[in-house]
Amino acid sequence: MAKRTPVGEMNRRIKFQSRQETDDGYGGKTVVWLDYASAWAKVEPLSGREYFDAHQTQADVTHKVTTRFRGDIDEMMRIAYGEKILEIEAVLDVESAHQRLVIMAREVK
């Protein structure tokens, strides 16, 4: 059975955002990010060995976000967390148990 993250540790409110492109009227595209869903999550900046290990497989992964399972979140989305924007690099269904998601993300400056 998958190890559960205690609900009390998911104490940060995040917003998942989806990318929308619209024609700008001049032959180009305008990109806007729209709020898609909000959720409670555990947001952990990676440090030390965790960052080094994550960096080996995903370029510039800076945060690990754990939330309850959702089947509608993917790498084309991003996370708004306070003043931070986190681009989603990987979405992992822990042990394929549909209990929680671990999202590896990169902070955008």
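Everything numeric here is computed off the predicted structure, so don't read it as measured data.

Trainee: I keep staring at the environment of Glu-44 and nothing clicks. Help me out?
Mentor: Tracing the sequence through the fold places Glu-44 in strand 2 (residues 29-45). Here Glu-44 falls in the partly exposed class, since its relative accessible area comes to 22%. Beyond its immediate sequence surroundings of up to four residues, Glu-44 is in contact with Thr-62, His-63, Lys-64 and Thr-66.

Trainee: Even after reading the chapter, I still don't get the sheet that holds strand 1 (residues 12-23), so can you show me in this structure?
Mentor: Spatial ordering of the closed barrel is given by 1-2-3-6-5-4, a layout of 6 strands whose pairing is antiparallel. Averaged over all neighbouring strand pairs, the angle between strand axes comes to 45°, with direction disregarded. When strand 1 meets strand 2, the two strands line up antiparallel, connected through 12 bridges. Among the inter-strand pairings, Gln-17 is bridged to a residue of strand 2, identified as Asp-35.

Trainee: Teacher, can you tell me more about the pattern of salt bridges here?
Mentor: For side chains of opposite charge, pairing can occur when their charged atoms come near one another. Throughout the structure, instances matching the rule amount to 10 salt bridges. Residue Lys-15 pairs with Asp-35 through a salt bridge whose shortest N-O separation is 3.5 Å. With Lys-15 in strand 1 and Asp-35 in strand 2, this pair connects stretches of sequence that are 20 residues apart. Judged by relative accessible area, Asp-35 falls into the partly exposed class, the value being 47%. For Arg-106, the salt bridge goes to Glu-89, with nearest N and O atoms at 3.2 Å. With Arg-106 in strand 6 (residues 100-108) and Glu-89 in strand 5 (residues 84-93), this pair connects stretches of sequence that are 17 residues apart. Relative accessible area serves as the criterion here: at 24%, Glu-89 is assigned to the partly exposed category. A cluster of three or more residues bridged by salt bridges with shared partners is formed by Glu-9, Lys-42, Glu-44 and Lys-64.

Trainee: Looking at this structure, I do not really get the confidence of the model for the chain. What am I missing?
Mentor: The predicted coordinates of low-pLDDT regions are not to be read in fine detail. When pLDDT is averaged along the chain, the result is 87, and 83% of the positions lie at 70 or above. Model confidence for the chain, summarised as mean pLDDT per element, is weakest for helix 1 (residues 48-57) at 52 and strongest for strand 4 (residues 78-81) at 97.

Trainee: How should the nonpolar core be read in this particular structure?
Mentor: For soluble globular proteins, nonpolar side chains are generally found buried alongside one another. In this structure, Ile-14, Phe-16, Val-65, Ile-73, Ile-79, Ile-88 and Ile-103 are the most contacted members of the largest nonpolar core, which totals 15 residues. If you list the elements that add at least two residues to this core, you get strand 1, strand 2, strand 4, strand 5 and strand 6. Leaving out residues up to four positions away in the same chain, Ile-14 has contacts with Ala-37, Ser-38, Ala-39, Ala-41, Val-43, Val-65, Ile-79, Ala-80 and Tyr-81. With 6 residues, the next largest nonpolar core counts Leu-46, Val-61, Val-94 and Met-104 among its residues.

Trainee: What exactly am I supposed to notice about the pairing of strand 6 here?
Mentor: Moving residue by residue along a regular strand, the side chains alternate between the two faces of the sheet. Here strand 3 (residues 63-68) pairs with strand 6 via 6 bridges, running antiparallel. Bridged to Thr-66 within strand 6 is Val-102. Looking at chain direction, strand 5 and strand 6 are connected through 8 bridges and run antiparallel. Paired with Asp-93 across the strands is Leu-101, a residue of strand 6.

Each value, and the rule that gives it
Residues numbered from 1 in each chain as written. Predicted model: local features only at pLDDT ≥ 70, side-chain atom pairs only at ≥ 80, totals over all residues. Heavy atoms only, no water. Helix = DSSP H or I, 4+ residues; strand = E, 2+ residues; numbered from the N terminus. Buried < 20%, exposed > 50% of the residue type's maximum accessible area, 1.4 Å probe, protein only. Contact = heavy atoms within 4.5 Å. Pairing = 2+ DSSP bridges. Axes fitted to C-alpha atoms, helices over the stretch in contact; angles between N-to-C directions. Salt bridge = Lys/Arg side-chain N within 4 Å of Asp/Glu carboxyl O. pLDDT = per-residue confidence, 0-100. Core = buried A, V, L, I, M, F, W, Y, C linked by side-chain atoms within 4.5 Å.

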